[in-house]
Amino acid sequence: MQPFRRLDASAAPIGMPNVDTDQIIPARFLWRKRSDGFGHLLFHDLRFGDGGAPKPDFVLNRDVYRNARILVAGRNFGCGSSREHAVWALYDYGIRAVVAPSFGDIFFNNSFQNGLLPVALPAERVAALRALLEQSPGSSIAIDLEAQTLTGPDRAVDRFEIDPFRKECLLAGADDISFTLGYRDRIAEFENACEAKVRWL
Amino acid sequence: MSGPSTLFDKIWSSHAILVRPDGATLLYVDRHFVHDGSGNAFRMLKERGLAVRRPDRTFATPDHYVSTLSHDLASINEPHRRGVVEELEANAKAAGLTLFGLSDRRQGIVHVIGPEQGLSQPGMIIVCGDSHTATHGALGALAFGIGASEVGHVLATQTLWQRKPRNMRIVIDGTLAQGVHAKDVILAIIAQIGAAGGVGHVIEYAGSAIRAMGIEARLTICNMSIEAGARAGMVAPDDTTFAYLHGRPYAPKGADWDAALAHWASLASDADARFDREVHLDAAEIAPMVTWGTSPETAAPITARVPDPASAGDAARRDSIERALAYMDLRPGTPLTEIAIDRVFIGSCTNSRIEDLRAAAKVLDGRRAVVPAMAVPGSGLVKAQAEAEGLDAIFKRAGFEWRESGCSMCVGMNGDLVAPGERCASTSNRNFVGRQGKGARTHLMSPAMAAAAAVTGKLADVRQFPMRP
Ligand code: SF4
């Protein structure tokens with residue numbers, strides 16, 4: 001996993017609430033392997049028409065947003081299924097952070113596993129950021145994970161909260177599994193104690 | 001744990017292997033279910049040269065990609081779909097997991113077979129790479145969905161890093177009216193608290209209406225906790241739970257059963273336990289519900305009308321109603337009972353158990369569907385039970401297709417799709433844009449309501465259907 005430290009990049013607004021994982025990547029693409037890549041399938045049915053031609057009015061198809069690395073979204077972004085493909089599609093497309101008032105819980109967890117930073121800010125500030133991006137399309141947002149700050153196109157700085165453990169892993173680009181395997185003995189000890197008590201499992 | 005605690009607190013603290021100062025907790029996982037969407041997680045493991053730590057606690061079944069026309073593997077004629085089912089069976093065999101494979105009568109939707117086999121028990125932590133894992137909470141377990149990386153983590157370590165969610169209690173007191181089922185209750189809850197209403201919380205469902213419900217109804221309620229935004233849903237184990245589990249293949253036996261009972265009985269939330277949030281509903285006020293939009297929170301009583309965006313409080317809300325109505329091709333003010341449908345799907349991990357099929361069959365008995373319709377039992381054993389009761393004959397006489405078990409048209413990954421522009425009355429759990437197929441329009445409802453829709457060709461109020469005694 002690539003570490004995440006700082007990001008200063010162009011951002012795209014996606015205002016609708018409840019953008020679910022079926023919209024981020026439709027179920028018919030899920031059989032593919034991780035190594036196949038999912039970036040070209042991101043928002044597939046919102047992004048492409050029936051013949052496969054890009055829909056001109058979809059935000060990521062507009063030239064100014066083509067290099068967006070940040071999405072500024074509506075409430076409950078990533079609700080729905082547990083498919084990690086939703087995160088893979090965003091990441092493979094080039095998105096490194098999503099800013100929203102709230103996220104689907106599983107999507108939120110999945111993001112950290114792949115170096116994608118979800119930033120939750122108050123709904124009013126997120127709406128204001130989207131308005132700024134619509135007024136001056138192509139403008140940038142700067143995120144500093146170490147300092148836990150997000151600087152908008154208006155230069156206003158917001159502090160965001162993040163779980164310290166998730167932050168540490170993102171900064172290091174570290175992976176949970178190797179970290180947890182370091183606790184092998186603790187796990188075995190716990191397991192044995194449990195099995196002595198709950199024999200029927 | 002000191003002080004009064006909730007069911008959720010008790011299960012959480014008894015599974016915490018270690019807690020870091022920052023609150024990150026390493027949780028032990030009792031049961032892990034894997035399905036045919038787990039290929040990437042197994043590959044991740046292989047790439048690192050890691051083995052499955054506890055094959056004896058890991059159970060596999062193919063459900064998303066299986067054909068519902070036949071459970072002969074060769075009948076999956078699309079190579080990539082057949083490939084993922086074969087891959088699951090091969091992974092399960094190689095790792096020594098218990099597999100309820102395609103040729104096994106016990107195969108079915110993972111969230112149907114866990115409870116059915118007695119694998120899902122009170123006090124457990126249960127995970128699966130599928131958001132509707134919340135279903136198993138109906139047995140008094142803490143059960144939640146995880147992503148592919150987390151599936152790999154559980155396979156390798158039998159643990160997960162989590163931060164403790166908050167406690168929420170939804171209390172439903174009173175008696176449900178005739179024709180109102182568990183599905184109506186959970187849709188009414190989501191309509192009230194919103195699709196993000198439970199974000200960051202684990203919901204405990206309580207109150208006299210929940211206590212009066214059987215396990216299958218509780219499974220339906222817990223199943224859609226995720227549509228309310230919650231991490232998990234649960235119901236405290238009680239005599240109903242114990243009676244349901246008794247004698248199931250993987251339930252404890254003999255002296256173990258007595259020890260298990262004593263443990264399970266201690267799990268309920270303490271009387272003075274604190275919840276971060278409480279919501280109350282009056283069961284008697286819940287009507288049969290349907291959704292009109294593209295989020296489960298757009299549920300309304302069947303007696304209502306399609307809302308008017310113009311009367312929405314704010315611009316964002318107006319915009320989202322307009323979008324939903326455009327996709328659903330509905331006009332503001334239309335009575336919901338005037339919406340004509342093109343097909344009916346009865347199935348999914350929300351509503352494919354025997355009681356669901358019975359409720360639908362009761363409405364269908366002696367009547368005929370006027371649109372294409374299909375019934376897909378949740379497991380091979382549910383199907384066998386339904387056939388033993390003669391329900392299959394009622395479905396078939398009513399013009400329904402009677403299929404083999406699987407996820408089917410809930411998500412269409414096996415090819416059971418709703419055609420673009422078609423309107424489907426569905427007992428599944430998600431009405432998202434494109435969920436049942438590109439351009440498909442979904443209305444969520446209970447099995448009884450779906451049966452009523454099948455025979456009228458419109459969304460219909462099941463309370464107006466006299467039923468045979
Ligand atoms: S029935 Fe539907 S919701 Fe349930 S596990 Fe299958 S696809 Fe998911």
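## Brief notes about the site of the ligand
Residues and elements named next belong to chain B.
Then, in step 1: Lining the immediate surroundings of the ligand are H64, H111, D130, H132, S348, C349, C407, C410, V411, N429 and R435.
Then, in step 2: Here the ligand occupies the largest cavity.
Then, in step 3: Its residues placed into classes, the shell around the ligand shows four nonpolar, five polar and two charged.
Then, in step 4: When residues are assigned to domains, the shell around the ligand turns out to be shared by domain 1 (7-165 + 238-262) and domain 3 (291-464), each giving three or more.

## A look at the domain arrangement of chain B
Residues and elements named next belong to chain B.
Then, in step 1: Examined at the domain level, chain B breaks down into domain 1 (7-165 + 238-262), domain 2 (166-237 + 270-285) and domain 3 (291-464).
Then, in step 2: Just the C-alpha atoms count here: the centres of domain 1 and domain 3 sit 28 Å apart.
Then, in step 3: Listed per partner, the contact involves 23 residues of domain 1 and 24 residues of domain 3.
Then, in step 4: Between domain 1 and domain 3, roughly 2000 Å² of surface is buried when both sides are summed, and carbon and sulfur atoms account for 59% of that area.
Then, in step 5: A per-residue breakdown of the area domain 1 buries against domain 3 is headed by H64, T68 and I109, which together make up 32% of the total.
Then, in step 6: Counting across the domain 1 and domain 3 interface gives 15 residue pairs in polar contact (both at pLDDT 80 or more).
Then, in step 7: Sorting elements by how many residues they give to the side of domain 1 that touches domain 3 places helix α4 (residues 110-116) first, with four residues.

## Describing the interface of chain B and chain A
Then, in step 1: Each partner contributes residues to the interface: chain B has 68 residues there, and chain A has 54 residues.
Then, in step 2: Both sides of the chain B and chain A interface together cover about 5100 Å² of buried area, and 58% of this is carbon and sulfur.
Then, in step 3: Where chain B meets chain A, there are ten salt bridges.
Then, in step 4: Among the salt bridges present, the one from K438(B) reaches D50(A), with a minimum N-O distance of 3.6 Å.
Then, in step 5: Summed over the shared surface of chain B and chain A, the result is 28 residue pairs in polar contact (both at pLDDT 80 or more).
Then, in step 6: Every element with two or more residues in the side of chain B that touches chain A is listed here: β1 (16-19), β2 (25-28), α2 (39-47), α3 (79-95), α5 (148-157), β8 (159-162), α10 (254-265) and α11 (315-328) of chain B.
Then, in step 7: Element by element, the count of residues in the side of chain B that touches chain A is highest for α5(B), at seven residues.
Then, in step 8: Each residue belonging to the side of chain B that touches chain A can be placed in one class, and the counts come to 27 nonpolar, 22 polar and 19 charged.

Criteria and cut-off values
Residues numbered from 1 in each chain as written. Chains lettered and ligands numbered in written order. Predicted model: local features only at pLDDT ≥ 70, side-chain atom pairs only at ≥ 80, totals over all residues. Heavy atoms only, no water. Near = heavy atom within 4 Å. 1 Å grid on protein atoms, 1.4 Å probe; cavity = no way out; pocket = protein on both sides within 12 Å on 5 of 7 lines; lining within 4 Å. Sits in = over half its atoms within 2 Å of the grid points. Nonpolar A, V, L, I, M, F, W, Y, C, P; charged D, E, K, R; others polar. Domains from an automatic or database assignment. Contact = heavy atoms within 4.5 Å. Buried area = accessible area lost by both parts, 1.4 Å probe. Polar contact = N/O pair within 3.5 Å; in protein donor to acceptor, adjacent residues only side chain to side chain. Helix = DSSP H or I, 4+ residues; strand = E, 2+ residues; numbered from the N terminus. Salt bridge = Lys/Arg side-chain N within 4 Å of Asp/Glu carboxyl O.

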